[in-house]
Amino acid sequence: MLPCTAQPNRIEHTNRILLHLYGSRYGHLRVSFRKLVDRGKITQVIAAGLYLVVFSFFLLSTCVYLIQWNDTACTLLFFGIALLMGVGFGIMFPAFNTLFVNLAPNSQRGTATSTYLTSWDVGIGIGMLTGGYIAEISTFDKAYLFGACLTVVSALYFKLKVTPHYHKNKLR
């Protein structure tokens, strides 16, 4: 949805640059933060990724106002947001997978990974449909603001419910 936001805001050449920035950070940090996950800092790594994603979504919702003031600053911020999202999702994705696997017995590790990946894909699908609907009846900045608010709710749920449950029930 980032390229869709760029077009109405007159930010050019977005697809190639956004995917490069997002993908380069995403892949690099999956390797880098894996060491922290291996040391048992799973919930802290996930929380850090969630905070970056929340911050990114709130920044993204402000681009529509920033471009009216200065389109160069908006363009730089827009690409900075792609980097932040790449960092956030890049450190969260493998840590969440490890969290699921650590809660499962050895005979169910494949099922845990499949459940995680399926829930991730379903969440992306629901999020895209919901965001598209909100953008259709309102604007993209409102869709990103709504997404940021939902991400805050999920971060709170993770901190208050998932983290204590994980530390109480982890098998490894």
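Residues numbered from 1 in each chain as written. Predicted model: local features only at pLDDT ≥ 70, side-chain atom pairs only at ≥ 80, totals over all residues. Heavy atoms only, no water.

With that settled, consider the overall build of the protein. The number of helices and strands found in the protein is seven helices and zero strands. From first element to last, N terminus to C terminus, the protein shows the α and β order α-α-α-α-α-α-α. Taking all 172 residues of the protein together, the buried fraction comes to 37%. A separation of at least 24 residues holds for 78% of the contacts in the protein among residues at least 6 apart in sequence. Carbon and sulfur atoms make up 66% of the accessible area of the protein, which amounts to about 9800 Å² in all. (Helix = DSSP H or I, 4+ residues; strand = E, 2+ residues; numbered from the N terminus. Buried < 20%, exposed > 50% of the residue type's maximum accessible area, 1.4 Å probe, protein only. Contact = heavy atoms within 4.5 Å. Areas by Shrake-Rupley, 256 points an atom, 1.4 Å probe, with all protein chains shown as cover.)

Look at helix 4 (residues 42–69): 41 Å from first C-alpha to last across 28 residues, which is about the 40 Å you get at 1.5 Å a residue. The principal kink in helix 4, of about 45°, is found at Cys63. (Expected span 1.5 Å × (residues − 1). Bend = angle between axes of the 7 residues up to and from the residue.)

With that settled, consider the packing of helix 4 against helix 7 (residues 140–169). Packing of helix 4 against helix 7 brings their axes to within 8 Å, and their N-to-C directions diverge by 170°. One finds that helix 4 runs roughly antiparallel with respect to helix 7. By residue class, the composition of the contact of helix 4 with helix 7 is 20 nonpolar, six polar and three charged. (Axes fitted to C-alpha atoms, helices over the stretch in contact; angles between N-to-C directions. Parallel < 35°, antiparallel > 145°, perpendicular 65-115°, else oblique. Nonpolar A, V, L, I, M, F, W, Y, C, P; charged D, E, K, R; others polar.)

Just geometry here; none of it tells us what the structure is for.
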